[in-house]
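# Chain and residue survey
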Amino acid sequence: MKQFINVDDVPDLPQLIEKALNVKRTPFAFKEFGRNKTIGLVFFNPSLRTRLSSQKAAFNLGASTWVFNINQDSWKIEMDDGTVMENSQEHIKDAIAVMSLYCDILAVRTFPNLLERDYDYKELLFNKIKHYSKVPIVSLESAILHPLQSLADVMTIEELRPAKERIKIVLSWAPHVKALPHSVPNSFAQWASKLQGADLVITHPEGYALDERFSRGACIIHDQDEAFKGADFIYAKNWSSFIDYGKLLCHDMDWMISRKKMALTDRAKFMHCLPVRRNVVVEDAVLDGEEAVVLQQAENRVFAVQTVFMEILKNMV
Amino acid sequence: MKQFINVDDVPDLPQLIEKALNVKRTPFAFKEFGRNKTIGLVFFNPSLRTRLSSQKAAFNLGASTWVFNINQDSWKIEMDDGTVMENSQEHIKDAIAVMSLYCDILAVRTFPNLLERDYDYKELLFNKIKHYSKVPIVSLESAILHPLQSLADVMTIEELRPAKERIKIVLSWAPHVKALPHSVPNSFAQWASKLQGADLVITHPEGYALDERFSRGACIIHDQDEAFKGADFIYAKNWSSFIDYGKLLCHDMDWMISRKKMALTDRAKFMHCLPVRRNVVVEDAVLDGEEAVVLQQAENRVFAVQTVFMEILKNMV
Amino acid sequence: MKQFINVDDVPDLPQLIEKALNVKRTPFAFKEFGRNKTIGLVFFNPSLRTRLSSQKAAFNLGASTWVFNINQDSWKIEMDDGTVMENSQEHIKDAIAVMSLYCDILAVRTFPNLLERDYDYKELLFNKIKHYSKVPIVSLESAILHPLQSLADVMTIEELRPAKERIKIVLSWAPHVKALPHSVPNSFAQWASKLQGADLVITHPEGYALDERFSRGACIIHDQDEAFKGADFIYAKNWSSFIDYGKLLCHDMDWMISRKKMALTDRAKFMHCLPVRRNVVVEDAVLDGEEAVVLQQAENRVFAVQTVFMEILKNMV
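Summary of the structure given here. None of these values were measured; they are calculated from a predicted model. (Residues numbered from 1 in each chain as written. Chains lettered and ligands numbered in written order. Predicted model: local features only at pLDDT ≥ 70, side-chain atom pairs only at ≥ 80, totals over all residues. Heavy atoms only, no water.)

The next thing to look at is the relation of the copies chain B and chain C. Superposition record for chain B on chain C: RMSD 0.0 Å, screw rotation 120°, translation along axis 0.0 Å. In the structure described here, the two chain copies are related by an operation that fits a three-fold rotation axis. No C-alpha of chain B approaches the rotation axis more nearly than that of B:Ser64, which lies at 5.4 Å. A distinct binding surface is used by each copy, with only 3% of the interface residues of chain B retained as interface residues in chain C. (Least-squares fit on C-alpha atoms with pLDDT ≥ 70 in both. Contact = heavy atoms within 4.5 Å.)

Here the focus is the interface of chain C and chain A. The interface of chain C with chain A comprises 30 residues on the first partner and 32 residues on the second. Here chain C packs against chain A, burying approximately 2600 Å² in sum over the two surfaces, 58% of which is carbon and sulfur. Here chain C and chain A share three salt bridges between them. Between C:Asp288 and A:Lys93 there is a salt bridge, with its nearest N and O atoms 3.0 Å apart. Where chain C touches chain A, the interface holds 12 residue pairs in polar contact (both at pLDDT 80 or more). Secondary structure elements with two or more residues in the side of chain C that touches chain A: helix H3 (49-60), helix H12 (284-287) and helix H13 (294-314) of chain C. A total of seven residues in the side of chain C that touches chain A trace back to one element, the largest contributor, which is H3(C). Across the side of chain C that touches chain A, the residue classes break down as 14 nonpolar, five polar and 11 charged. (Buried area = accessible area lost by both parts, 1.4 Å probe. Salt bridge = Lys/Arg side-chain N within 4 Å of Asp/Glu carboxyl O. Polar contact = N/O pair within 3.5 Å; in protein donor to acceptor, adjacent residues only side chain to side chain. Helix = DSSP H or I, 4+ residues; strand = E, 2+ residues; numbered from the N terminus. Nonpolar A, V, L, I, M, F, W, Y, C, P; charged D, E, K, R; others polar.)

The omega torsion of the bond from A:Leu274 to A:Pro275 falls at 0°, within 30 degrees of zero and hence cis. Here A:Pro275 is to be found in the loop between strand S11 (269-271) and helix H12 (284-287).

In the superposition of chain C on chain A (RMSD 0.0 Å, axial shift 0.0 Å), the rotation amounts to 120°. When the interface residues of chain C are mapped onto chain A, a mere 3% of them again lie at the interface, so each copy presents a different face.

On to the pairing of strand S2 (residues 64-69) of chain B. On a regular strand, one side chain projects to one face of the sheet and the next to the other, so that they alternate. Residue and element names in this part refer to chain B. Of all six residues in S2, six are buried, a share of seventy percent or more. Neither face of S2 is exposed, since Ser64, Trp66 and Phe68 on one face and Thr65, Val67 and Asn69 on the opposite face are all buried. Note: strand S1 (residues 38-43) against S2, six bridges, orientation parallel. Looking at S2, one finds that Phe43 is bridged to Asn69. In this fold, the crossover linking S1 to S2 by way of helix H3 (residues 49-60) has right-handed handedness. (Buried < 20%, exposed > 50% of the residue type's maximum accessible area, 1.4 Å probe, protein only. Pairing = 2+ DSSP bridges. Right-handed = clockwise from strand over helix to strand, strands pointing away.)

Attention shifts here to the sheet that holds strand S10 (residues 233-237) of chain A. Residues and elements named next belong to chain A. Strand order in the open sheet made by the five strands is S9-S8-S7-S10-S11, with parallel pairing throughout. Taken across any chain shown, the strands that pair with only one partner, and hence form the sheet edges, are strand S9 (219-221) and S11. Across the sheet, the mean angle separating the axes of adjacent strands is 25° when strand polarity is ignored. Where strand S8 (residues 198-203) lies against S9, three bridges are found, and the strand directions are parallel. Paired with Thr203 across the two strands is Ile221, which belongs to S9. Contacts from helix H8 (residues 183-192) reach strand S7 (167-173), S8 and S10, with the element oriented near 165° to S7. (Axes fitted to C-alpha atoms, helices over the stretch in contact; angles between N-to-C directions.)

In this section: the sheet that holds strand S8 (residues 198-203) of chain B. All names here are of chain B. As summarised here, the arrangement of the five strands in space is S9-S8-S7-S10-S11, forming an open sheet in which the pairing is parallel. Pairing within the sheet leaves two strands with one partner each, and these edge strands are strand S9 (219-221) and strand S11 (269-271). Strand after strand, the sheet turns through a mean of 25° between neighbouring axes, direction not considered. Here strand S7 (residues 167-173) pairs with S8 via six bridges, running parallel. In the strand pairing of S8, Lys168 is matched with Asp199. Contacts from helix H8 (residues 183-192) reach S7, S8 and strand S10 (233-237), with the element oriented near 165° to S7.

Here the focus is the pattern of salt bridges. Counted by the stated rule, this structure contains 57 salt bridges over all chains. The shortest N-O distance in the salt bridge between B:Arg259 and B:Glu291 comes to 3.1 Å. Taken as a pair, B:Arg259 in helix H11 (residues 259-262) and B:Glu291 in the loop between helix H12 (284-287) and helix H13 (294-314) lie far apart in primary sequence, 32 residues in all. The exposure class of B:Arg259 is partly exposed, given its relative accessible area of 42%. For B:Glu291, a relative accessible area of 14% translates into the label buried. A salt bridge links C:Lys122 to C:Asp118; the nearest nitrogen and oxygen atoms lie 3.6 Å apart. The exposed category is assigned to C:Asp118, whose relative accessible area is 52%. The network of salt bridges with shared partners includes A:Lys93, A:Asp94, C:Arg278, C:Asp284 and C:Asp288.

Turning our eyes to something else, we now look at helix H7 (residues 147-160) of chain B. Residues and elements named next belong to chain B. With 14 residues, H7 ought to run about 20 Å at 1.5 Å a step, and its terminal C-alpha atoms sit 20 Å apart, in line with that. The element H7 is largely enclosed, with a buried count of 11 among its 14 residues. Of the residues making up H7, those classed as buried are Pro147, Leu148, Gln149, Ser150, Leu151, Ala152, Asp153, Val154, Met155, Thr156 and Ile157. (Expected span 1.5 Å × (residues − 1).)

With that out of the way, let us pick up the interface of chain B and chain C. Contact residues are listed per partner, giving 30 residues for chain B and 32 residues for chain C. Interface of chain B and chain C: buried area, both sides summed, is about 2600 Å²; carbon and sulfur atoms make up 58% of it. There are three salt bridges connecting chain B and chain C. Residue B:Arg49 pairs with C:Glu90 through a salt bridge whose shortest N-O separation is 2.8 Å. Linking chain B with chain C are 12 residue pairs in polar contact (both at pLDDT 80 or more). Secondary structure elements with two or more residues in the side of chain B that touches chain C: H3, H12 and H13 of chain B. Ranked by the residues each element gives to the side of chain B that touches chain C, the list is headed by H3(B), at seven residues.

A word on the environment of C:Glu123. All names here are of chain C. With respect to the helices, strands and loops of the structure, Glu123 is situated in the loop between helix H5 (117-121) and helix H6 (124-132). When the C-alpha atoms of Glu123 and Thr110 are compared, they prove to be 9.6 Å apart, with 13 residues separating the residues in sequence. Every residue in contact with Glu123, bar those within four places of it in the chain, is listed here: Ser142, Ala143, Ile144 and Leu145.

A word on the packing of aromatic side chains. The geometry of an aromatic ring pair comes down to the distance between the two centres and the angle between the two planes. Taken as a whole and assessed by the stated rule, the structure comprises 18 aromatic pairs over all chains. When the ring of B:Phe188 is compared with that of B:Tyr235, the centres are 4.1 Å apart and the planes differ by 25°; the resulting orientation is stacked. Here B:Tyr235 lies in strand S10 and B:Phe188 lies in helix H8, a separation of 47 residues in the sequence. Overall, B:Phe188 belongs to the buried group, its relative accessible area being 0%. Of the residues examined, B:Tyr235 reaches a relative accessible area of 0% and is grouped as buried. Taking the centre distance of 4.6 Å and the plane angle of 45° together, the rings of C:Trp173 and C:Tyr208 count as tilted. (Phe/Tyr/Trp six-rings, centres within 6.5 Å; stacked < 30°, edge-to-face > 60°.)

Attention shifts here to the side chain of B:Ser183. Residues and elements named next belong to chain B. Position of Ser183 relative to the elements: it lies in helix H8. A distance of 2.6 Å separates the side chain of Ser183 from the side chain of Glu141, its partner in a polar contact. Setting aside its immediate chain neighbours within four residues, Ser183 contacts Glu141, Ser142, Ala143, Ile144, Leu145 and His146.

Right under this line is the structure:
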């Protein structure tokens, strides 16, 4: 693997999942890959799960890490080319190039602005980062994708897959008080639809259709109750509108995932990437119940990113 | 040792002190305990001594660390159960559970609010943390206790103990401009009163009695000069009122520890946990004099926490 | 080497450069020096290059690091002696002494206030740090010097030195919108003038003469075009006035380093310590051209500081 930004960077998804599950069994057995290696972790926004799971993964490999919070640790970064930099202190091209000299993998998290769809969906910032880095890039989440979350998610699904010929996975929109990015649902739709023996259903209110590039292949149902019937996995997530870009259109709390809704499924597992607003996105009763596997997802974040680091470091030994 | 939150978690105090003094002699001799281990350090408030001494201790053991500053690094944490989380982004139960998946020991520092005695003295926050963590907890200070400071303090006393049958240790209240927590005096009273061949005296103005659970066994004297007579160790610390909870009642600068006061003792050593406001709590002349052993206490913080980490990690090998 | 604060701490400059270039060739060959060692990194201001290159250097040596951002991570530090500390929480003498107990080398970055020349040029803060530390000090930049940058710079010059009997190095003032410190030009002047077979020219507008202690031995020319003629290296940097202390006197954008100016040189390499304001200090065309070696300088920061750490750690093994 040369980089990890998109599911297309993964040559063989079932094999990657298998490798990640193997890493989970023996996390300390791969130190030859991390020896003398440093992984730089750069965040354009604060992070809990992503930073700590990436640090743990690096430690498992015997690699070192440094963490850099852009905007918090540093000066104002210039994003545009050709500017007379009277109001910014360092250009993104110089900052990224320099940081990449101090590590073997540059793992970066960016966010959408949710204002201009084109700016976000062309991944302008992430593409600049990729362009200016001297070392391989790992996405810790970009404006529109979160592939490491998805790798942890599909690992979790494979671990818990019931003994059925085909399983039904439902990605359900859920209510929220703020406009949220599309990265988790986009990536989940993309990755889950590549799983073998699985059918993906996406359910959301009108106006919340995801970009077809990602939802292609999934069955779209606007009736949440209907969608939940017979489901094996419910993946809950809020997202803002793609069509009416970045807007909050629906405030219907009936979309919250409740015990009653879960009863419509075939004893489905409840999934969410966390952090989650309790009793807004999902009822306490569901999240604290046995059907919730959110901590297993969170734990798998370590092995997902460790596997990705390993696959990239392999080419450097 | 299963956890380290309270002196009651220590099965044998003299033995623990001896182990810590041994760790100080050969700090790098115990790497088998830290191998492949990660210690998560979580702070609800900024920290210098506690963070750096804990990181150094982990490094001495060959263990990795990550640091997480709640509130600074992350979003708003919800503390109450059952809330509809419209104004907070992650529940403490989920944040703690997730963080605990990314380490082998979760070391946490919290603080009192000094507003509601019950909230603080029931250790509600710390008990939640303990409840939701999947791995052993080490207190880096809680609302009402600071056992790692006390372990470093009693190590220091044992190192410097004069050749007498019984020694006299005085915990003295000292002036300050702000209302401070009770954790250091509570723990010191508790730990020092368990030392063999030692008499503990606590001296403070009226209204500053500590919770009897911690001061029990000590002799309480309100006349500071009287208390200092014949003392071998003066442990100075300000604290706010326990009875009139969190209040600053006394502004009498005569309680400041001065050369003149120290002259009343039997050439006592001067102790303080740092940071200290010079010429408010204690005169420069004392702190810069030979009797001050505050740096020895600070150095012992490393070996105290290293020993605690080792005792807990021992059970995991 | 006992400490690294000033070029005078270097017993043999050509030998140090040679060692650093050797470290660059085999960065992981010196782990015996870093074993069981911890390097404390203390910043009075934010840092990108300096922090990350120092962490990478420590990792190359197998040493651990902790990072402490004074003012951001901690409470208000008292700088003056004898104060009744009603408005500050910890004295610099206690903070530095304690931090130095938790590491084997204390690497510190401070900044000038650019208000009182005497305060800055007497290095009052740095001298206090040196005085109170229990372990060797490495300057990551002080009020008036930046020797690690200079070591990386002279390494870069030696790597790229053209095959001439004598080379011409030009330190050129360049425009900026803010008053900047003198540390980089002071140190560069000092180090470059010690290079063998090299002539140093400094060019700047009237009123921008550096302190003669540092510019001594260099040829000063106020006509930038004249200075550039035949140059092999152009080192661009803004600085505020030394004479009219901390003031911005010249706003003439003709001092910006441009393609046209570079054409006056003997195909000189363009150097800058970064971060740089593009199209203020230097044109995009120069910085993005082949003559720019700023990333090589940035990369050499790792090997410069690694070599300094090694030279100091050698005495401790």
